[in-house]
Amino acid sequence: MTAPARLSPGDTAPDFTLPTDSGDPLALADLRGRKVLLYAYPAAMTPGCTKQACDFRDSLASLQAAGYEVVGISPDKPEKLARFRERDGITFPLVSDTDRAVLTAYGAYGEKQSYGRTVTGVIRSTFVIDADGRIERALYNVRATGHVAKLRRDLGLD
């Protein structure tokens, strides 16, 4: 497998309809007219992914006040996402991409470096999608810790 194709500012965000942690579907098209922060993470209930989700949770009110909706995406099944949401009080939708098709379309699944080895998996990424469904920013290989604070600074929210 080679490195995935990456999205760039101005690209149309790949549309999707995926099951959420509650089992209900969430479609990106349903969020048109609002800005979306779609963040891809490898696995629910792991230390880094928990830290990142809790950072988004703790910043959610101010992100929403600035007009952003937050959606997390991982290859976890909805049942695991529901346990994650419950355990950590996650207050935004988590969507399940078990076949990794949407993650791949966003360039957030493929070869990556992990502890000096090349592995295939989810590339921790965040996509800022504008109200018209276009990529405003595509951030790949982000760090779990401190990412939300940096994103807030980059978006001019702090």
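See above for the structure.
Figured I'd write up the structure that's included with this text.

What counts as what
Residues numbered from 1 in each chain as written. Predicted model: local features only at pLDDT ≥ 70, side-chain atom pairs only at ≥ 80, totals over all residues. Heavy atoms only, no water. Helix = DSSP H or I, 4+ residues; strand = E, 2+ residues; numbered from the N terminus. Buried < 20%, exposed > 50% of the residue type's maximum accessible area, 1.4 Å probe, protein only. Salt bridge = Lys/Arg side-chain N within 4 Å of Asp/Glu carboxyl O. 1 Å grid on protein atoms, 1.4 Å probe; cavity = no way out; pocket = protein on both sides within 12 Å on 5 of 7 lines; lining within 4 Å. Points joined across faces, edges and corners; volume = space filled by probe spheres on them.

What follows covers unusual backbone geometry. With phi around 65°, M45 is a residue other than glycine that occupies positive phi space. With respect to the element layout, M45 can be found in the loop between β3 (35–40) and α1 (47–65). Taking the relative accessible area as the measure of exposure, M45 reaches 26% and is therefore partly exposed. One non-glycine residue, R100, lies in the positive phi region at around 65°. Its place among the elements puts R100 in the loop between β5 (94–96) and α3 (101–105).

What follows is about the pattern of salt bridges. Two side chains that carry opposite charge are able to pair once their charged atoms sit near each other. Under the criterion given, the structure shown has seven salt bridges. When the shortest N-O distance is used, the salt bridge between E69 and R34 registers 3.7 Å. Of this pair, E69 sits in strand β4 (residues 68–74) while R34 sits in the loop between β2 (25–27) and β3, and the two are 35 residues apart along the sequence. With a relative accessible area of 22%, E69 lands in the partly exposed category.

Okay, empty space enclosed by the protein next. As enumerated under the stated definition, the model contains one cavity of 30 Å³ or more in all. In this structure, the largest cavity occupies an estimated 30 Å³ of space. Forming the boundary of the largest cavity are L28, L31, R32, G33, R34, V36, I129, D130, A131 and G133.

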